[in-house]
Amino acid sequence: MAMVGYDRKQVLEISGEPFFFNGIQIRIDKIKDIYKYTDDEIKHLFQVAKQDGFTVVNAQIRWMDVQPDQSYMATETTYIADGNYRFKYEKQI
């Protein structure tokens, strides 16, 4: 579909054509942790999104998926409170 009259400086193009963002978010963390979907079931969700006409899917990458031998609980994190940077570490056994 050729577009006439768009500003090439402000539009993302793919193969010389304007790319229109039509996206959704798939919460992989909830789907895996709460609903217990398998990797194949999650892949199917991406296919369904494509079939429904979405051009972009926003999905989180969890650290445990990148480096499975390390995981951190929310209490083992850094945070900012009252404008001060703090590190909180509580080893959970």
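Everything discussed here concerns the structure shown above.
Per-chain numbering applies: the sequence of each chain, read as written, is numbered from 1 onward. Per-residue local features of the predicted model are confined to residues with pLDDT of at least 70, and side-chain atom pairs are confined, for both listing and counting, to 80 or more; whole-chain, interface and lining totals are unaffected and use all residues. For side-chain calculations, the full set of non-hydrogen atoms in the structure is used, while hydrogens and water are omitted.

What to know about a nonpolar patch on the surface
Residues Ile-34, Tyr-35 and Tyr-37 make up a contiguous nonpolar surface patch of about 350 Å² in total accessible area. Judged by its relative accessible area of 54%, Ile-34 falls in the exposed class. Each patch is built from salt-bridge-free residues with over 30% relative accessible area, joining like charges within 9 Å and nonpolar side chains (Val, Leu, Ile, Met, Phe, Trp, Tyr) within 5 Å. Exposure was quantified through the Shrake-Rupley algorithm and a 1.4 Å probe, taking into account, for residues, occlusion by the shown protein chains and nothing else. Here, a salt bridge means any side-chain nitrogen of Lys or Arg that lies within 4 Å of a carboxyl oxygen of Asp or Glu. Residue burial is assigned from relative accessible area. The probe radius is 1.4 Å, only protein chains are included, and a residue is buried under 20% of its type maximum, exposed over 50%, and partly exposed in between.

Remarks on the environment of Ile-26
By the criteria applied, helices consist of DSSP H or I runs no shorter than four residues and strands consist of E runs no shorter than two, each listed in order from the N terminus. Looking at the element boundaries, Ile-26 is found in strand β3 (residues 23–26). Owing to a relative accessible area of 7%, Ile-26 belongs among the buried residues under this scheme. Distance from Ile-26 to Val-57, taken between C-alpha atoms, is 6.8 Å for residues 31 residues apart in sequence. Contact between two residues is taken to exist if any of their heavy atoms lie within 4.5 Å; hydrogens are not considered. When near neighbours in sequence (up to four residues on either side) are disregarded, Ile-26 contacts Ile-31, Leu-45, Phe-46, Val-57, Asn-58, Ala-59 and Gln-60.

Side note on unusual backbone geometry
Phi angles above zero are rare outside glycine, and Ser-15 is one such case at about 55°. By secondary structure assignment, the location of Ser-15 is in the loop between β1 (13–14) and β2 (17–18). Accessibility expressed as a relative area gives 77% for Ser-15, which makes it exposed. With phi around 60°, Lys-36 is a residue other than glycine that occupies positive phi space. Along the polypeptide, Lys-36 turns up in the loop between α1 (28–33) and α2 (39–51).

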